[in-house]
Amino acid sequence: MKSLRVALVLAAMASGVAVAQQAPDLNKILSDIRTKDKGQLAVSEEDGRFLRLMIASTNRKRALEIGGASGYSAIWMAQGLRATGGKLVSIEYDPVRAKELAENVKRAGFSDIVTVVSGDAFAEIPKLQGTFDFVFLDAWKRDYKKFFEMVYPRLDKGGLFTAHNVVNKRGEMGDFLDTIQRNPSLWTTIVAPSGEGISLSLKR
C-alpha cells in the first residue's frame, strides 16, 4: 500500500511538471506576433505593459477593445484581467486578422478571458450586453470621435476610456482629442510610454 501511495505521489508530481512545461511562453508568442506584424498595427511592448498595469492596478473587470489586430494588445490586457478576474471583448474588422487574433489568444491560454468578435465595430458594439469599465480604442483614427460617442453612454462611472496613437497620429483625430479634453464629465491626460501616445479619460 505504501509503495502504491509513493507511486501516486510521483505520478502527480510528474503530471505537475508536465503541465508547467506546457505553459504558454508568452514572450515568444508576443515576439512572434510582432515579427509577423508587417503593417505595424500592434502597440509597442511598452504600451502593452502599460495597459496590463492600468487594468490590474485599477481592478478592471469588463474591458472592450476596438481594433484588436492580431491580438498583441489583447494578450497584454488579458494578463491584467487574469489578475482581476475580468473579461475582454476584442473586436477586429478584418476577418483574416480576426482569425489570427483568436488563434493567438488561444495559443497564449486566454480563450477563457478574451472573446473575439469579427466584424465592423459600429455594427457589433450595439449587440454587446452590459457596460464597460475599461475601453481601449485602436481602430481607424478618423473614426475615434464616432467610437467614443457610441461607447461613452455604456462606460461605467469611474470607467477608463483609453485611445492609442494620440501623439504620433494626433493630426488624424483632432475632433476626438478636443471632445475628450473639453468634456466636463471626464478627467483626461495623455501619456507616451513609447512615443505613440495613449489618452486616458476617467468618467466622473
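All of these numbers come straight from a predicted model, not from anything done at the bench. (Residues numbered from 1 in each chain as written. Predicted model: local features only at pLDDT ≥ 70, side-chain atom pairs only at ≥ 80, totals over all residues. Heavy atoms only, no water.)

Sorry if this is basic, but what is going on with the pairing of strand S5 (residues 155–164) here?
Working note: regular strand, side chains alternate between the two faces of the sheet. Of all 10 residues in S5, 8 are buried, a share of seventy percent or more. Across 5 bridges, the pairing between strand S4 (residues 132–137) and S5 is parallel. Looking at the pairing, Phe134 lines up with Leu160 of S5. Summarising the sheet, S5 and strand S7 (residues 198–203) pair through 5 bridges and their orientation is antiparallel. Pairing of Thr162 across the sheet is with Leu200, part of S7. (Buried < 20%, exposed > 50% of the residue type's maximum accessible area, 1.4 Å probe, protein only. Helix = DSSP H or I, 4+ residues; strand = E, 2+ residues; numbered from the N terminus. Pairing = 2+ DSSP bridges.)

In this structure, what is going on with the pattern of salt bridges? I would like to understand it.
A side chain with one charge can pair with a side chain of the opposite charge if their charged atoms come near. The tally for this structure, following the rule as stated, stands at 11 salt bridges. Two residues, Asp156 and Arg62, come together in a salt bridge whose shortest N-O distance is 2.1 Å. Of the two residues, Asp156 is situated in strand S5 and Arg62 in strand S1 (residues 62–66); the sequence distance between them amounts to 94 residues. A salt bridge links Asp138 to Lys141; the nearest nitrogen and oxygen atoms lie 2.7 Å apart. A network of salt bridges, in which partner residues are shared, links Lys28, Asp32 and Arg107. (Salt bridge = Lys/Arg side-chain N within 4 Å of Asp/Glu carboxyl O.)

Would you take a moment to explain the packing of aromatic side chains for this structure?
The geometry of two aromatic rings is summed up by the distance between their centres and the angle between their planes. Within this structure, the stated rule accounts for 7 aromatic pairs. Taken together, a centroid distance of 5.1 Å and an interplanar angle of 35° make the contact between Phe148 and Tyr152 tilted. Take Phe148 and Tyr152: they sit in the same class, and that class is buried. Cluster of aromatic residues (ring-pair linked, three or more members): Tyr144, Phe148, Tyr152, Phe161 and Phe176. Sitting over the face of the ring of Tyr72, Arg34 holds its NZ or CZ atom 5.2 Å from the ring centroid. Geometry around Tyr152 places Lys203 over its ring, the cationic atom sitting 4.3 Å from the centre. (Phe/Tyr/Trp six-rings, centres within 6.5 Å; stacked < 30°, edge-to-face > 60°. Lys NZ or Arg CZ within 6 Å of the ring centre and 35° of its normal.)

Whenever I open this one, the pairing of S1 confuses me. Can you help?
Across the 5 residues of S1, 4 count as buried, placing the element largely inside the fold. Note that S1 and strand S2 (residues 87–92) share 5 bridges and pair parallel. In the sheet register, Ala63 faces S2, and the bridge partner there is Leu88. The β-α-β motif built from S1, the intervening helix H4 (residues 72–84) and the parallel element S2 has right-handed crossover chirality. Looking at chain direction, S1 and S4 are connected through 4 bridges and run parallel. (Right-handed = clockwise from strand over helix to strand, strands pointing away.)

Would you take a moment to explain unusual backbone geometry for this structure?
The general pattern is negative phi for most residues beyond glycine and trans for most peptide bonds. Of note in this structure, Ala69 is not a glycine but carries a positive phi near 50°. Structurally, the position occupied by Ala69 is in the loop between S1 and H4. In this structure Ala69 comes out as buried when scored by relative accessible area, which is 12%. Residues other than glycine seldom take positive phi values, yet Asn165 does so here, at roughly 65°. The class for Asn165 is buried, based on a relative accessible area of 7%.

Is there a simple way to explain the confidence of the model for the protein in this structure?
Interpretation of this model should avoid reading the predicted coordinates in detail wherever pLDDT is low. When pLDDT is averaged along the protein, the result is 91; 90% of the residues meet or exceed 70. For the stretch residues 6–10, pLDDT sits under 50, and the model shows 0 contacts to residues farther than four places along the chain or on other chains. (pLDDT = per-residue confidence, 0-100. Contact = heavy atoms within 4.5 Å.)

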